Amino acid sequence: MLLLLPLSCSVLSTFAVALAAQHTTIVDLGYARYQGTVNKASGNLEFLGIRYAAAPTGALRWREPQHPQSTPGVQLANSFPNICWQGAPSTQLVSPFRQSGSNHFRRQIPGAPPPSEDCLFLNIATPSSGKGDLPVVVWIHGGGYVVGSTFMFDGDDLIRQAGGQAVVVIIQYRLGLFGFLSSQKVKNGGALNAGLLDQQFALQWVQQHISKFGGDPKKVTIWGESAGAGSVLQHLIANNGNTQPPLFRGAITGSTFLPSQYVFNDRIPEQLYAEAVEQSGCSSSADDLDCLRQADIDALNRINLNLTGSAFFGTACLNPVVDGTLITKRPIELIHEGKVNRAAYLAVTNQFEGWYPGFVDNRTADTVQTPEYLANIFPEFTDKQITAGTAVYANQGPPLDQARAIMGDSIFICPTYYLLRAFKGEAFKGEFAIAPAFHGDDIVYYFPTPLIVSSAIAGVTPPYNNSEFINNFSQSFMNFVLYQDPNVKWDSSNTVPHWPRWNEDNLAEIVFNRTEEGEPVFHTVETTADQLRRCDYWQSVGPFSGQ
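Residues numbered from 1 in each chain as written. Predicted model: local features only at pLDDT ≥ 70, side-chain atom pairs only at ≥ 80, totals over all residues. Heavy atoms only, no water.

- Per an unreviewed UniProt entry, the chain goes by Carboxylic ester hydrolase and derives from Leucocoprinus birnbaumii.
- Entered under Sequence similarities (unreviewed entry) in the UniProt record, the comment concerning the chain runs "Belongs to the type-B carboxylesterase/lipase family." (UniProt positions renumbered as here; feature names shortened; annotations may be inferred.)

Structure representation (structure tokens):
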């Protein structure tokens, strides 16, 4: 339970009591006791760096997350935890897996906590007056399953947008080589999709412990952006869409990320594993997986950077796989079969997802050709899929714009529509259109509070700093967290535009934009037939794209 031990017996307001309790707010998790602090600006309680799983090091590399060991005494939860090891951006101008990169350095984000394998921690922000029954939102960060951490996101932002009526949990999980190394040998001697298992373990932790922080485990919504939204998709289809007991009641995806997700022992995952073994010097070992577990962390970090940096420009190669257990089939296949964990669903995409500069290399503007681009982004495509895809995108402008449209549709936009169809009229769809409306441009409207450093991803002032727009946009999502419907408001000051439900007979989605004069505008449009036609193409080639 949450213990508030005030230092004074005076009659104080709730906020003053919380401030007085700043150094005596303790939560007992059974295996450890954590002492949180009070954010003096908001009055919310904060617990930073709570361990939810044991350090996945040594013999625990590429294994399922384990329960933490008991720790005596009281642990201070007042600083951001070490971040998980980060990968490198993909930069290659040819198809993946032809050669390793050469990024022989530790990738460190300025101002961030240091990287470590011991990174399975989460942060919690909760109203000081919470009584154990508040809705809970679990934020899963993005970053292509290669980069990202908790330190870039302030849970107080979401509490404010919920009118002080929600508990916020922000989690970390293993990334890149450490979270998504796959092969038959990993299947036989470890755990596939370790990063997803970390997330699932954290969701189970929330079910067990969140009431001690004022939250209701029956009112959990999972929310992520980019690879975080891709992670939400993975949990929606996990266990053939029948995870028991349920871990959440609602799901939000922002720019649903679905890159190629091969079967764990297909050619490309096996090639990545072989390269990791070779670069580690474990090729001659009788048990190369055990050899990798004994490898020096700096050597593994170098390999992680090499592999992630060697992918085709704008893509990621160390992703979730079809492991046969947690994820039993290709995601599109499971979604099409309706095998999704039932939940209320809300989705948002950005108007120009594929136009983000890190996705399609502008240096190739004069040379890119659509057939070659399709072959590079999906290396298992045959001439048949390439020819068909080239025809589908022939009306999308010059070749560079066609490549951007292919990236945006195949990886982010169409996976969102697959999920919308699966929820059969019980879902909502929005589009963020504030120029330039690139991938990730919406995040700063949810998380505007700067933390350790400013970032292009989070923690900077919204470029369109209009309070009416920000409130209408961001509060819609927290209304959904509270009530599973963005149209239900927490009080009269919470004014959001009406979100229609999206279904096959009413393809309505709300667009968040501004006028040329700078006024916010919210209007409903119909999903275009051409957009759905392009998505039908991507669904048809799923066996070849690995989606």
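### Things to note about the environment of Ser476
Argument step 1. Within the secondary structure layout, Ser476 lies in helix H15 (residues 467-483).
Argument step 2. Apart from residues no more than four positions distant in its own chain, Ser476 is found in contact with Asn471, Pro486, Val496, Trp499 and Phe512. (Helix = DSSP H or I, 4+ residues; strand = E, 2+ residues; numbered from the N terminus. Contact = heavy atoms within 4.5 Å.)

### Points about the packing of helix H11 (residues 370-377) against helix H12 (residues 383-392)
Argument step 1. The interhelical angle for the contact between H11 and H12, taken along N-to-C directions, is 125 degrees, at an axis separation of 9 Å. Classified by the angle between their axes, H11 and H12 sit oblique to one another. In this structure, H11 crosses over H12, and the sense of that crossing is right-handed. On H12, the residues touching Thr370, Pro371, Leu374 and Ala375 of H11 are Ile386, Gly389 and Thr390.
Argument step 2. Broken down by class, the residue content of the contact of H11 with H12 amounts to four nonpolar, three polar and no charged. (Axes fitted to C-alpha atoms, helices over the stretch in contact; angles between N-to-C directions. Parallel < 35°, antiparallel > 145°, perpendicular 65-115°, else oblique. Left-handed = near helix turned anticlockwise from the far one by under 90°. Nonpolar A, V, L, I, M, F, W, Y, C, P; charged D, E, K, R; others polar.)

### Notes on helix H9 (residues 297-309)
Argument step 1. For H9, spanning 13 residues, the distance from its first C-alpha to its last is 18 Å, which sits close to the expected 18 Å at 1.5 Å a residue.
Argument step 2. Taking burial as the measure, the 13 residues of H9 include 10 buried ones, the bulk of the element.
Argument step 3. When H9 is considered as a whole, its buried residues turn out to be Ala299, Leu300, Asn301, Ile303, Asn304, Leu305, Asn306, Leu307, Thr308 and Gly309.
Argument step 4. Considering only its buried residues, H9 is in contact with helix H3 (176-180), helix H7 (267-280) and helix H8 (288-293).
Argument step 5. Capping the start of H9 is the job of one residue whose side-chain oxygen sits 2.9 Å from the backbone nitrogen of Asp298: Asp296. (Expected span 1.5 Å × (residues − 1). Buried < 20%, exposed > 50% of the residue type's maximum accessible area, 1.4 Å probe, protein only. Polar contact = N/O pair within 3.5 Å; in protein donor to acceptor, adjacent residues only side chain to side chain.)

### Examining the nonpolar core
Soluble, globular proteins show a tendency: their nonpolar side chains are buried together.
Argument step 1. Residues Ile50, Ile124, Trp205 and Trp538 are the most contacted members of the largest nonpolar core, which totals 120 residues.
Argument step 2. At 14 residues, the largest contribution of residues to this core is made by helix H13 (residues 399-422).
Argument step 3. In this view, Ile124 contacts Leu45, Glu46, Phe47, Ile50, Val167, Val168, Val169, Trp205, Ile210 and Phe213; residues no more than four positions away in its chain are not counted.
Argument step 4. In this structure, Val137, Phe151, Val168 and Phe512 belong to the second largest nonpolar core, which totals 40 residues. (Core = buried A, V, L, I, M, F, W, Y, C linked by side-chain atoms within 4.5 Å.)

### Quick notes on the layout of surface pockets
Argument step 1. The calculated volume of the second largest pocket comes to roughly 400 Å³.
Argument step 2. Lining the second largest pocket we find 23 residues, and of these Gln351, Ile413, Glu431, Gln531 and Arg534 sit closest to its centre.
Argument step 3. Counting only elements with at least two residues in the lining of the second largest pocket, the list comes to strand S11 (344-350), H13, strand S14 (508-514), strand S15 (520-526) and helix H16 (529-540).
Argument step 4. Residue contributions to the lining of the second largest pocket peak at six residues, all from H13.
Argument step 5. Here the residues of the lining of the second largest pocket are counted per class, giving seven nonpolar, nine polar and seven charged. (1 Å grid on protein atoms, 1.4 Å probe; cavity = no way out; pocket = protein on both sides within 12 Å on 5 of 7 lines; lining within 4 Å. Points joined across faces, edges and corners; volume = space filled by probe spheres on them.)

### Here's the deal with empty space enclosed by the protein
Where empty space is left in the structure can be found by rolling a water-sized probe over the atoms.
Argument step 1. One pass over the full model with this rule turns up two cavities of 30 Å³ or more.
Argument step 2. By volume, the largest cavity amounts to about 280 Å³.
Argument step 3. Around the largest cavity, the lining is made up of 27 residues, and of these Ser260, Tyr262, Ala316, Cys317 and Asn319 lie nearest the centre.
Argument step 4. Considering every element that reaches the lining of the largest cavity, the biggest residue donor is H7, with four residues.
Argument step 5. Estimates place the volume of the second largest cavity at around 70 Å³.
Argument step 6. If you trace the second largest cavity, you find it lined by Pro56, Arg61, Trp62, Cys84, Trp85, Ser116, Glu117, Cys119, Arg174, Leu175 and Phe178.
Argument step 7. Split by residue class, the lining of the second largest cavity holds seven nonpolar, one polar and three charged.

### Notes on helix H5 (residues 194-209)
Argument step 1. Its 16 residues give H5 an end-to-end C-alpha distance of 22 Å, which sits within 8% of 22 Å, the value for a rise of 1.5 Å per residue.
Argument step 2. In terms of burial, H5 is a largely internal element, 13 of the 16 residues being buried.

### Some points on the state of the cysteines
In a disulfide, the sulfur atoms of two cysteines are covalently bonded to one another.
Argument step 1. Under the counting rule described, the total for this entry stands at three disulfides.
Argument step 2. At a sulfur-sulfur separation of 2.1 Å, the disulfide partner of Cys282 is Cys291. Disulfide Cys282-Cys291: torsion about the S-S bond near -75 degrees, hence left-handed.
Argument step 3. Judged by relative accessible area, which is 1%, Cys282 ranks as buried.
Argument step 4. What makes Cys291 partly exposed here is its relative accessible area of 21%.
Argument step 5. Shown here is the disulfide that connects Cys414 with Cys535, its sulfur atoms set 2.2 Å apart. Judged by the torsion about the S-S bond (-85 degrees), the Cys414/Cys535 disulfide is left-handed. Taken together, the residues span a long stretch of sequence, with Cys414 in helix H13 and Cys535 in helix H16 at a distance of 121 residues. Each member of the pair, Cys414 as well as Cys535, carries the same accessibility label: buried.
Argument step 6. Numbered by order of appearance in the sequence, the disulfide-linked cysteines of the chain pair as 1-2, 3-4, 5-6. (Disulfide = S-S within 2.5 Å.)

### Overview of a negative patch on the surface
Argument step 1. Side chains of Glu468, Glu516, Glu517 and Glu519 sit close together on the surface and give a patch of like negative charge.
Argument step 2. Along the polypeptide, Glu516 turns up in the loop between S14 and S15. (Patch = residues over 30% accessible without salt bridge, like charges linked within 9 Å, V, L, I, M, F, W, Y side chains within 5 Å. Areas by Shrake-Rupley, 256 points an atom, 1.4 Å probe, with all protein chains shown as cover. Salt bridge = Lys/Arg side-chain N within 4 Å of Asp/Glu carboxyl O. Lys, Arg positive; Asp, Glu negative; His and termini not counted. Charge placed at Lys NZ, Arg CZ, Asp CG, Glu CD.)

### Considering the packing of aromatic side chains
Given two aromatic rings, their pairing is described by the distance between the two centres and the angle made by the two planes.
Argument step 1. A full pass over the atoms with the stated rule returns 39 aromatic pairs.
Argument step 2. Ring centres of Phe47 and Phe213 lie 5.0 Å apart, and the angle between their planes is 85 degrees; this geometry places the pair in the edge-to-face category. Taken together, the positions of Phe47 in strand S4 (residues 45-51) and Phe213 in the loop between H5 and strand S9 (215-225) put the pair 166 residues apart, joining distant regions of the chain. For the pair Phe47 and Phe213, one class covers both residues: buried. (Phe/Tyr/Trp six-rings, centres within 6.5 Å; stacked < 30°, edge-to-face > 60°.)

### Examining the packing of H7 against H9
Argument step 1. Two numbers describe how H7 lies on H9: the axes approach to 10 Å, and their chain directions differ by 140 degrees. The pairing of H7 with H9 is recorded here as oblique in orientation. Here the hand of the crossing between H7 and H9 comes out right-handed. Contacts between H7 and H9 involve Leu272, Glu275, Ala276, Gln279 and Ser280 from the former and Arg302, Ile303, Asn306 and Leu307 from the latter.

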